[in-house]
Amino acid sequence: MNREEVKVLGSGVSPFEWRIIWALKLKGVEFEFIKEDIFKKSSLLLESNPVYKMIPVFIHGQNAIADSLIILEYIDESWKQNPIMPKDPHEKAYTRFWAKFSEDQLVEPSRIAFQYGGEEQAKAVKVMADALEILEGELRGKKFFGGETMGYLDIVVGWVGYWLQFTQQVGNYKVMDSEKYPEIHLWINRFLQVPIIEENLPPFNEMLSIPFCPLTDCPNHAIPVYKQDIDLMQFALNLEHLEADFFLYSALGYGLDKVAPYLVMGGPPPIGAQKANLDFLTHNIITEFGFQEVGHLRAIKTTVGGFPRPQLDLSPKNFAKFFNEAFGYELVPPFNPYRDSLNFMLASYVIPYVGLLGYVGTNPNINGCVTKRLLAGLLGVESGQDAYIRGYLYERANEVVFPYNYTVAEFTIRASELRNRLAMCGIKDEGILVPPQLGAENRTESNLLSANYNSLSYGRTPAEILRIVYSTGDEHVPGGFFPEGANGRIARELLGKP
């Protein structure tokens, strides 16, 4: 069995995969290292770790194993030379205890300290400092955690001696102090001088350039995520959830519950969502839009956290009510967003533009370099989606929407006017045709991209957005697309106010 082919799947820089490499090198086991792009995961990775779909993965013959701590024990039991785990059951249990302690009290807090600033970072650093003080006592009088020679626990905690320097430098925090933790400092020097370790470390400059590092776009000493960024970016999840399920259901006949159930986080299914009667081109584009929204939800929730999907009302009745209010009387038959491609695109005109203005309005209040990059990426795609929708409708501006005696342009104008009335903050919304005084440089009547006097995008506050999507004109009174109100601290606090 031990002669079977051995492979390690990793990114090249993760400390978790280097634990495995060190153990294999210590045992003299030959192996093939397969470098994975974590953004374009290979079929081998997905098949080998179908549950977490993450690196590292250890493959021995036909056996695939995930989780670096489990992999280390597997290696030690499969190759008996140069054992890293103690034989005594009590000592083995003792070693596992400290391995779990270091994972819980050092690894996760270091990630938080690396990604966040302010109070969140300070709390994480305090947890790490307390853990290092405990480990300082555990090391006292020893060369290594395992005694006179390097063992399992040294390999597990070994990342502290190298990767922690990286996270401190790039994350702009400090926890390691040689005067405060002299035993750990001495241990780090001994550990890094072990030939197997010294010869098998990723270049520091390579770690600084890794594509998945959350700080690659950050200048030196910049804070990745400010605490005040979190609520603002989480607020956007309400609109992203609305768009995701509207696009997915309309194109595919099912939504987030089937496509990415982990992003739903236990939220209720949308009301009235259904598959739309779309032509081939529109179907393909809206499918793309739907999956883009899935990515947006994932990006926000993995960066600043999130909340369960709010109750959404995507029923034909709700869209019909919106257009009835836009025209000032009840349309007969009721407007149905799912009837055909044109109706669907008119309904789509109602939603994404509101989210776009929300991002523009949020931008001046965001401070973290990671959250700024996140917002910019979201804004770019949302702008593209809105431009396509407006372009589709502009091409059909003079077409009469059956069976109503109104053109496509008139539908967009009435929808924009209603959103302006609901938001109660002047003109920040315009249809696809405008009078010259509202056109670009007062010279155009086309309005493919809605913008202000200087052709800059309008921005809206969370309160303005809620007045629109609730269809009540009052951020304190839910309704419309969010019959039970939006989620997140900003929206829920507004619901609690008079």
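Where an unreviewed UniProt entry is consulted, the chain appears under the name glutathione transferase, with the organism given as Forsythia ovata. Note on the chain: under the UniProt heading Catalytic activity (unreviewed entry), the record states "RX + glutathione = an S-substituted glutathione + a halide anion + H(+)".

Q: Report on the side chain of Ser-78, specifying residues and quantitative values.
A: Structurally, the position occupied by Ser-78 is in helix H3 (residues 68-78). For Ser-78, the side chain forms a polar contact with the main-chain oxygen of Tyr-74, separated by 2.9 Å.

Q: Lay out the packing of aromatic side chains with the relevant residues and their values.
A: Counting across every chain of the model gives 26 aromatic pairs. Between the aromatic rings of Phe-289 and Tyr-388, the centroid separation amounts to 6.1 Å while the plane-to-plane angle is 90 degrees, which identifies the pairing as edge-to-face. Placement of Phe-289 in helix H14 (residues 280-304) and of Tyr-388 in helix H18 (residues 369-395) is noted, with a sequence separation of 99 residues between them. Assessed through its relative accessible area of 6%, Phe-289 is described here as buried. Judged by its relative accessible area of 27%, Tyr-388 falls in the partly exposed class.

Q: Lay out the nonpolar core with the relevant residues and their values.
A: Residues Phe-246, Phe-319, Phe-323, Phe-335, Leu-346, Leu-393 and Phe-411 are the most contacted members of the largest nonpolar core, which totals 86 residues. No other element matches the nine residues that helix H12 (residues 237-252) contributes to this core. Non-local contacts of Phe-319, meaning those with residues more than four positions away in its chain, are made with Phe-246, Leu-314, Phe-335, Pro-337, Tyr-338, Ala-347, Ile-351 and Phe-481. The next biggest cluster of nonpolar side chains, apart from the first, holds 57 residues, and it includes Ile-20, Tyr-74, Ala-113 and Val-160.

Reading guide: rules and limits
- Residues numbered from 1 in each chain as written.
- Predicted model: local features only at pLDDT ≥ 70, side-chain atom pairs only at ≥ 80, totals over all residues.
- Heavy atoms only, no water.
- UniProt positions renumbered as here; feature names shortened; annotations may be inferred.
- Helix = DSSP H or I, 4+ residues; strand = E, 2+ residues; numbered from the N terminus.
- Polar contact = N/O pair within 3.5 Å; in protein donor to acceptor, adjacent residues only side chain to side chain.
- Phe/Tyr/Trp six-rings, centres within 6.5 Å; stacked < 30°, edge-to-face > 60°.
- Buried < 20%, exposed > 50% of the residue type's maximum accessible area, 1.4 Å probe, protein only.
- Core = buried A, V, L, I, M, F, W, Y, C linked by side-chain atoms within 4.5 Å.
- Contact = heavy atoms within 4.5 Å.

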